[in-house]
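Survey of secondary and tertiary structure
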Amino acid sequence: TENVAAAYAWASLGTKSGFTVVGIGRGTNRPAITWTAQAGTILMDAANFRIQNMQLFTAGPVGSTTALTVDAAITISAAGCALEDNFIQFGVDADQLSTIAVTTTLAADYFEFKRNKCYGATLAVCTSMLYLVGADFCEVYDNYIIGGTSSVNVGVVRFITTASVGIDFRRNTFINLTASSVHAVTQMAGVLGQVSDCGFGILNDSGLAGWVPAGAGNGPLFFRCYTANLAGESGGLMTPIST
């Protein structure tokens, strides 16, 4: 077990690159990294730095009743970094959450986000769980991200500031638990790539967009993607549909 109580908590790693911090075990019998301060951060700022098979409590201790808002838990700012096979808790309750659990910078090309289970309580309204800023050629595979956000028009994943190109999303589930939510993933103009075999969960009970484009004809290509827009319903083919 280890706490993240300050900015750049793993500064002792220095400028080393091409390494993995890997947890041994499975389920709850894995290393637990817990953020305990608003400014606590882990900076993945060296190329090909990977964190694998860990429990990352970015919103603080799950059993705590102490209010805590962690601003930006993990920032990726180097190429080839990866988060794989982790459990990421990004929201415990209404006053214990991570505003943005994971964010990239323009330098985070070839970022890999794979096989992570990410959970935030409905009332722990984050801005987004994952911010992708200019994350060109990112690979996002086999993840489950569910939680509430602070806006019906902002998903648990958001492309923002600088468009990411060459993206590759496969076999993910993204669910926004906020009442009347329209976005599970929020796109911006210029995002390019492909999205296949993904499911989007929203709660507005009207549209089937789920991954909301910046405008007509804008964004990646979609293959076999479905949206469920109300609890208890089976997903329908996401819109818009090619004709």
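Residues numbered from 1 in each chain as written. Predicted model: local features only at pLDDT ≥ 70, side-chain atom pairs only at ≥ 80, totals over all residues. Heavy atoms only, no water.

**Description of unusual backbone geometry**
Threshold: A run of H or I in DSSP counts as a helix once it spans at least four residues, and a run of E counts as a strand once it spans at least two, with each numbered from the N terminus. Relative accessible area decides the class of each residue, using a 1.4 Å probe on protein chains only: under 20% of the type maximum gives buried, over 50% gives exposed, and in between gives partly exposed.
The omega angle of the peptide bond from threonine 239 to proline 240 is 0°, so this bond is cis rather than trans. Topologically, proline 240 is positioned in the segment after strand E25 (236-237). The phi angle at asparagine 48 is positive, at roughly 60°, despite the residue not being glycine. Residue placement: asparagine 48 occurs in the loop between strand E4 (42-44) and strand E5 (50-52). With a relative accessible area of 44%, asparagine 48 lands in the partly exposed category.

**Topic: the layout of surface pockets**
Inclusion rule: Here a cavity is any set of points on a 1 Å grid over the protein atoms alone where a 1.4 Å probe fits but cannot get out, and a pocket is any open set with protein on both sides within 12 Å along at least 5 of 7 lines; a residue lines the site when it has an atom within 4 Å of a point. Grid points are joined across faces, edges and corners, and a volume is the space filled by probe spheres set on the points.
Its volume calculated, the largest pocket comes out at about 420 Å³. Lining the largest pocket we find 18 residues, and of these Pro220, Leu221, Phe222, Pro240 and Ser242 sit closest to its centre. Counting residues per element, the lining of the largest pocket draws most heavily on strand E23 (residues 221-223), at 3 residues.

**A short note on the packing of aromatic side chains**
This is how it is decided: A pair of aromatic rings is counted whenever rings of Phe, Tyr or Trp (Trp by its six-membered ring) have centres within 6.5 Å, and the orientation is called stacked for planes under 30 degrees apart, edge-to-face for over 60 and tilted otherwise. Charge-over-ring placement is defined geometrically: NZ (Lys) or CZ (Arg) within 6 Å of the ring centre, and within 35 degrees of the ring normal.
Counted under the stated rule, the structure contains 11 aromatic pairs. Ring centres of phenylalanine 159 and tryptophan 211 lie 5.6 Å apart, and the angle between their planes is 40°; this geometry places the pair in the tilted category. You can see phenylalanine 159 sitting in strand E16 (residues 157-159) and its partner tryptophan 211 sitting in strand E22 (residues 210-212), a full 52 residues away along the chain. For the pair phenylalanine 159 and tryptophan 211, one class covers both residues: buried. Taken together, the ring pairs connect Phe159, Phe169, Phe174, Phe200, Trp211 and Phe222 into an aromatic cluster. Lying across the ring of tyrosine 141, arginine 171 places its NZ or CZ 5.8 Å from the centre.

**Quick look at the sheet that holds E23**
Either a parallel or an antiparallel arrangement is found when strands of a sheet pair, and the pairing is made through backbone hydrogen bonds. Rules: One requirement defines pairing of two strands: DSSP has to find at least two bridges between them. Where helices are involved, their axes are fitted lines through C-alpha atoms of the stretch in contact, as for all axes, and angles between N-to-C directions lie from 0 to 180°.
One open sheet holds the 8 strands; their spatial order is E2-E5-E8-E11-E14-E17-E20-E23, and the pairing between them is parallel. On the outer flanks of this sheet lie strand E2 (20-22) and E23, each paired with one strand and no other. The mean inter-strand angle of the sheet, taken between neighbouring strand axes irrespective of direction, is 5°. With 3 bridges joining them, strand E14 (residues 139-141) and strand E17 (residues 167-170) adopt parallel strand pairing. Bridge pairing in E17 places tyrosine 141 opposite arginine 170.

**A closer look at the nonpolar core**
The condition is simple: In this text, buried Ala, Val, Leu, Ile, Met, Phe, Trp, Tyr and Cys residues form a nonpolar core when linked through side-chain atoms within 4.5 Å. Two residues form a contact once any of their heavy atoms are found within 4.5 Å.
Judged by nonpolar contacts, the single largest core of 52 residues is most densely connected at Phe113, Met129, Phe169, Phe174 and Phe200. Broken down by element, the residue count for this core peaks at 5 residues, all from strand E7 (residues 68-76). In contact with phenylalanine 174, other than residues within four places in its own chain, are Val140, Ile145, Val156, Val157, Phe169, Ala184, Val185, Gly199, Phe200 and Gly201.

**Overview of the pattern of salt bridges**
Note the threshold: Whenever a carboxyl oxygen of Asp or Glu lies within 4 Å of a side-chain nitrogen of Lys or Arg, that contact is scored as a salt bridge.
Enumeration over the complete set of coordinates arrives at 8 salt bridges. Arginine 115 is paired through a salt bridge with glutamate 84; the nearest N and O atoms lie 3.6 Å apart. Here arginine 115 is found in the loop between strand E11 (112-114) and strand E12 (117-120), whereas its partner glutamate 84 is found in strand E8 (residues 82-84), with 31 residues between them in sequence. Taking the relative accessible area as the measure of exposure, arginine 115 reaches 36% and is therefore partly exposed. A relative accessible area of 6% means that glutamate 84 is categorised as buried. Here lysine 114 and glutamate 139 are joined by a salt bridge, their closest N and O atoms 2.9 Å apart.

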